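Fold and contact review
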Amino acid sequence: MTGAGVAENVRLDFAKSAPKAFRALIGFDAAARDGLDPALVELIQIRASHLNHCAYCLHMHTNDARKAGESEDRLHMVAVWREAPHFFTEKERAALALTEAVTLVADGGVPADVYARAATQFDDQELAHVLALIFAINTWNRIALSTAKAAGTDTRA
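Since this is a predicted model, take the numbers as computed values, not measurements. (Residues numbered from 1 in each chain as written. Predicted model: local features only at pLDDT ≥ 70, side-chain atom pairs only at ≥ 80, totals over all residues. Heavy atoms only, no water.)

Things to note about the overall build of the protein
Stated formally: A run of H or I in DSSP becomes a helix once it reaches four residues, and a run of E becomes a strand once it reaches two; helices and strands are each numbered from the N terminus. The globule rule is 2.2 Å times the number of residues to the power 0.38, and the radius of gyration it is compared with is taken over C-alpha atoms. Throughout, exposure labels follow a simple rule: accessible area from a 1.4 Å probe, protein chains only, divided by the maximum for the residue type, with under 20% read as buried, over 50% as exposed, and the rest as partly exposed. Throughout, a contact is declared for two residues whenever any of their heavy atoms are within 4.5 Å. Note that accessible areas follow from Shrake-Rupley with a 1.4 Å probe, and for residues the cover is restricted to the protein chains shown. We score Asp and Glu as negative and Lys and Arg as positive, and we do not count His or the chain ends. To locate a charge, take atom NZ for lysine, CZ for arginine, CG for aspartate or CD for glutamate.
Check the secondary structure of the protein and you find eight helices and zero strands. Helices (α) and strands (β) of the protein occur, in sequence order from the N terminus, as α-α-α-α-α-α-α-α. On C-alpha atoms alone, the protein measures out to a radius of gyration of 16 Å, which is about the 15 Å that the 2.2 N^0.38 rule sets for 157 residues. In terms of principal-axis extent, the alpha carbons of the protein reach across some 55 × 30 × 30 Å. Burial statistics for the protein: of 157 residues in total, 39% are counted as buried. Of the contacts made within the protein by residues no fewer than 6 positions apart, 66% connect residues no fewer than 24 positions apart. Of the roughly 8,800 Å² that the protein leaves accessible, carbon and sulfur atoms contribute 57%. The protein carries 16 positive and 20 negative side-chain charges, and their two centres are separated by 7 Å.

Observations regarding the environment of Glu126
Quick reminder of the rule: Here a polar contact is recorded for every N or O atom pair within 3.5 Å, except that within protein the pair must consist of a potential hydrogen donor and a potential acceptor, and residues adjacent in sequence are included only if both atoms are side-chain atoms.
Tracing the sequence through the fold places Glu126 in helix H8 (residues 124-146). Between the C-alpha atoms of Glu126 and Leu36, which are 90 residues apart in sequence, the distance is 7.0 Å. Residues in contact with Glu126, not counting those within four places in the same chain, are Leu36, Lys91 and Gln121. Here Lys91 takes part through its side chain, which lies 3.5 Å from a polar atom of the side chain of Glu126.

A few points about H8
Short version of the rule: Expected span of a helix: the number of residues minus one, times 1.5 Å.
Between its first and last C-alpha, H8 extends 33 Å over 23 residues, near the 33 Å set by a 1.5 Å rise per residue. Between a side-chain oxygen at the N-terminus of H8 and the backbone nitrogen of Gln125 the separation is 3.1 Å; the capping residue is Asp123. Positive backbone phi, approximately 55 degrees, marks Ala148, located one or two places after H8.

What to know about the nonpolar core
To be explicit about the condition: Residues belong to a common nonpolar core when they are buried Ala, Val, Leu, Ile, Met, Phe, Trp, Tyr or Cys residues joined through side-chain atoms within 4.5 Å.
Ranked by size, the top nonpolar core spans 27 residues in total, and within it Ile44, Leu98, Phe122 and Val130 carry the most contacts. Elements represented by at least two residues in this core include exactly helix H3 (38-51), helix H6 (90-103), helix H7 (112-121) and H8. Core analysis: the second largest hydrophobic core is formed by 10 residues, Leu25, Ala48, Met60 and Ile137 among them.

Focus on the packing of aromatic side chains
Here is the rule we go by: Note on ring pairs: Phe, Tyr and Trp rings are taken, using the six-membered ring of Trp, and paired if centres are within 6.5 Å. Classes follow the plane angle, with under 30 degrees stacked, over 60 edge-to-face and the rest tilted.
Per the counting criterion, the structure on display carries two aromatic pairs. Connected via pairs of aromatic rings, a cluster forms that spans Phe14, Phe22 and Trp140.

Describing the environment of Ile44
Inspection of the secondary structure puts Ile44 in helix H3. Judged by its relative accessible area of 0%, Ile44 is buried. For Ile44 and His61, which are 17 residues apart along the polypeptide, the C-alpha to C-alpha distance reads 9.5 Å. Each residue touching Ile44, except ones within four places of it in the same chain, is listed here: Ala95, Thr99, Val130, Leu133 and Ile134.

Here we look at helix H2 (residues 19-33)
To be explicit about the condition: Each C-beta atom gives one direction from the helix axis, and the arc is the one those directions make.
Taking 1.5 Å of rise per residue, 15 residues should cover 21 Å, and H2 covers 21 Å from first to last C-alpha, within 8% of that figure. The complete set of buried residues in H2 reads Leu25, Asp29 and Ala32. Viewed along the axis of H2, the buried residues span an arc of 65 degrees, placing them on a single side of the element. For H2, exposure combined with an orientation more than 90 degrees from the buried face picks out Lys20 and Arg23. Here the buried face of H2 lies against H3 and H8. Looking one or two places after H2, you find Gly35, whose phi comes out positive at around 90 degrees.

Here is the structure:
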């Protein structure tokens, strides 16, 4: 759908227009989260979605976190986790710091202290999965933003 006759707000459906790429990303996402605590997975996805201003993913992942039993208090504190450290474990804080550094990598790379902090909380396999999850959610955020996905329109079962 291109050309002058297409309304400005109409964007392609990425899943339908690039099904092989979409399925590959679903596989990558599933592999990334394998073995990680589901609560940690949602915290990482929520924080990256905050930073990327992705309302679609933020809505989806806060709802997923609630369904998984996450507290409203913690959900409200994710955006300001440094100012509310007692809401999160050291492992979660290390993951949130790494999520911010990787998501905002163009602003100064991934600082050695942030990486080292995460490396003390996760073994090599876990850390690789945390990094892969951060890569995945950043890709999902970019897809949702580029294709103008509207918050609240998630149709997953």
